[in-house]
Amino acid sequence: MDSAFNNLDAAGFLQIWQYFDADDNGYIEGKELDDFFRHMLKKLSPGDEVTEKKVEQLKRRFMSAYDVTADGRLQIQELANMMLPEDENFLLLFRREAPLDSSVEFMKIWRKYDTDSSGYISAVELKGFLKDLFAKHKKVVSSSKLDEYTDAMMNIFDKNKDGRLDLNDLARILALQENFLLQFQMDACSQEERKRDFEKIFSYYDVSKTGALEGPEVDGFVKDMMELVKPSISGPELDKLRVVLLRHCDVNNDGKIQRNELALCLGLKFNQ
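One structure accompanies this document, and this report is about it. What you are looking at is a predicted structure, and each value in this text was computed from that prediction instead of being measured.

### Brief notes about the side chain of Asp219
With respect to the helices and strands, Asp219 occurs in helix α10 (residues 216-226). Residue classification places Asp219 among the buried residues on the basis of a relative accessible area of 2%. Each residue touching Asp219, except ones within four places of it in the same chain, is listed here: Met107, Arg111, Leu238 and Arg242.

### Brief notes about the packing of helix α9 (residues 191-205) against α10
Interhelical geometry of α9 versus α10 gives an angle of 130° and a closest axis separation of 9 Å. Judged by the inter-axis angle, α9 sits oblique to α10. Contacts between α9 and α10 pair Ile201, Tyr204 and Tyr205 from the former with Glu217, Gly220, Phe221 and Asp224 from the latter. Per-class residue counts for the contact of α9 with α10 are four nonpolar, one polar and two charged.

### A short note on the environment of Ala263
Secondary-structure assignment places Ala263 in helix α12 (residues 259-265). Classification of Ala263 by relative accessible area gives buried; the value is 1%. On a C-alpha basis, the gap between Ala263 and Phe202 in space is 9.1 Å, while along the polypeptide they are 61 residues apart.

### What to know about the packing of aromatic side chains
Considering all chains together, one arrives at 12 aromatic pairs under this definition. With a centroid separation of 4.7 Å and 85° between ring planes, the pair formed by Tyr204 and Tyr205 is classed as edge-to-face. Comparing Tyr204 with Tyr205, the two get one shared label, buried. Members of the aromatic cluster, connected to one another through ring pairs, are Tyr19, Phe20, Phe36, Phe37, Phe62 and Tyr66. When the ring centre of Tyr27 is taken as reference, the NZ or CZ atom of Arg73 above it lies at 3.5 Å.

### What about the layout of surface pockets?
To locate leftover empty space, one rolls a probe as large as a water molecule over the atoms. Considering only enclosed or pocket space, the largest pocket measures out at about 750 Å³ in volume. If you list the elements that add at least two residues to the lining of the largest pocket, you get α4 (76-83), α8 (167-173) and α10. It is α8 that provides the largest number of residues to the lining of the largest pocket, a total of three residues. In the lining of the largest pocket, the residues fall into 11 nonpolar, 11 polar and eight charged.

### Observations regarding the state of the cysteines
Linking two cysteines covalently through their sulfur atoms gives a disulfide. Enumeration according to the criterion identifies one disulfide in this entry. At a sulfur-sulfur separation of 1.9 Å, the disulfide partner of Cys249 is Cys265. Of this pair, Cys249 sits in helix α11 (residues 235-249) while Cys265 is found in helix α12, placing the two residues 16 residues apart along the sequence.

### Topic: the nonpolar core
One broad trend across soluble globular proteins is that nonpolar side chains are buried collectively. By size, the foremost hydrophobic cluster in this structure holds 72 residues, and its most contacted members are Phe13, Phe36, Phe37, Leu79, Met82 and Tyr205. Counting residues per element, this core draws most heavily on helix α7 (residues 143-157), which supplies seven residues.

### A closer look at the pattern of salt bridges
A complete count under the given rule lists 19 salt bridges for this structure. Asp147 is the salt-bridge partner of Lys127, the closest N and O atoms lying 2.5 Å from each other. Here the residue Lys127 occupies a position in helix α6 (residues 123-136), and Asp147 occupies one in helix α7, the gap between them amounting to 20 residues. Under the relative-accessibility criterion, Lys127 is labelled partly exposed at 28%. Two residues, Lys145 and Glu148, come together in a salt bridge whose shortest N-O distance is 3.1 Å. With Lys145 and Glu148 both in helix α7 and three residues apart, the pair spans about one turn of that helix. Exposure remark for Lys145: the relative accessible area of 24% places this residue in the partly exposed category. The class of Glu148 is partly exposed, set by a relative accessible area of 25%. Here the residues in one salt-bridge network are Lys31, Asp35, Arg38 and Glu52, joined through shared partners.

Definitions and limits used
- Position numbers for residues count from 1 along each chain, tracking the sequence in the order it is written.
- Note on the predicted model: pLDDT of at least 70 is required for a residue's local features to be given, and 80 or more for side-chain atom pairs to be given and counted; whole-chain, interface and lining totals, by contrast, use all residues.
- Neither water nor hydrogens contribute to the side-chain values; these are computed over all heavy atoms in the structure.
- Runs of E in the DSSP output that reach at least two residues are strands. Runs of H or I that reach at least four are helices, and both are numbered from the N terminus.
- Partly exposed describes any residue whose relative accessible area lies between the buried limit of under 20% and the exposed limit of over 50%, with all areas from a 1.4 Å probe on protein chains only and scaled to the type maximum.
- We call two residues in contact whenever any of their non-hydrogen atoms come within 4.5 Å of each other.
- Orientation is described by lines fitted to C-alpha atoms, with helices fitted over the stretch in contact, and by angles between N-to-C directions that extend from 0 to 180 degrees.
- Note that the term roughly parallel is reserved for angles under 35 degrees, roughly antiparallel for angles over 145, roughly perpendicular for angles of 65 to 115, and oblique for everything else.
- Each residue gets one label: Ala, Val, Leu, Ile, Met, Phe, Trp, Tyr, Cys and Pro are nonpolar, Asp, Glu, Lys and Arg are charged, and the others, such as Gly, are polar.
- Paired rings are identified among Phe, Tyr and Trp, the last through its six-membered ring, by centres lying within 6.5 Å, and are further divided according to the angle between planes into stacked (under 30 degrees), edge-to-face (over 60) and tilted (the rest).
- Sitting over a ring, as applied to charges here, requires NZ of Lys or CZ of Arg to be within 6 Å of the ring centre and within 35 degrees of the ring normal.
- Both cavities and pockets are sets of points on a 1 Å grid over the protein atoms alone; in a cavity a 1.4 Å probe fits but cannot get out, in a pocket the set is open with protein on both sides within 12 Å along at least five of seven lines, and lining residues sit with an atom within 4 Å of a point.
- Grid points are joined across faces, edges and corners, and a volume is the space filled by probe spheres set on the points.
- Two cysteine sulfurs form a disulfide in these notes if their separation is within 2.5 Å.
- To qualify as a nonpolar core, a set must consist of buried Ala, Val, Leu, Ile, Met, Phe, Trp, Tyr and Cys residues joined through side-chain atoms within 4.5 Å.
- What makes a salt bridge here is a side-chain nitrogen of Lys or Arg within 4 Å of a carboxyl oxygen of Asp or Glu, nothing more.

So, in structure tokens, the structure goes:
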């Protein structure tokens, strides 16, 4: 791979990503994937005939090595691992021992770096996030490099180009896993199945295991619940919906949602 993309930096990589993610859905897949490996084959073997068989062989070879999620498409982190030298691959910092699969953990990060509580992550706030991420991984970067990486992240993930990131943008950066609630079909279940599903749901969002949802736990539940009916919600929308949910469910007005309060809120009638 080195011979194909010598001296590729973060900005150059992001240009390649934007070019091949033609439909801008956050993945290189289908025809985009074939186009990418056709381009790579030309880089690796200039002057040689590019055949569909060679493209397919190259695709199979690299996808088996770099398609970590094994879903037949490339996420931005997977492509970065394939193309960028380690000293330029700041996206490596987003790899985790355990994937970020909880909306509660995601909302903890969101609340921490949305320092002005605007419902968006500004370039300055994103820079603070990246700075902390580098520090956590004990990597030293210059101020100019930090600016470069911040600009690169804003360029690729700020979809409407308003100079800030929304909830959906950050979810893409952190490769947040599929909405936990999608696996449940509450209306189609028997009473016993609904009770079992409720216990799974409450346990999932009650990360602190206190028997009540509070702070980011409420945020994570609201985010996932609302995204069942609307593909993505903004930070300000989430804040409004959080107030509505608490007003409706928080019977004892303690700022938390107790287990029995959530059951009542969801219209469940089993014993608590």
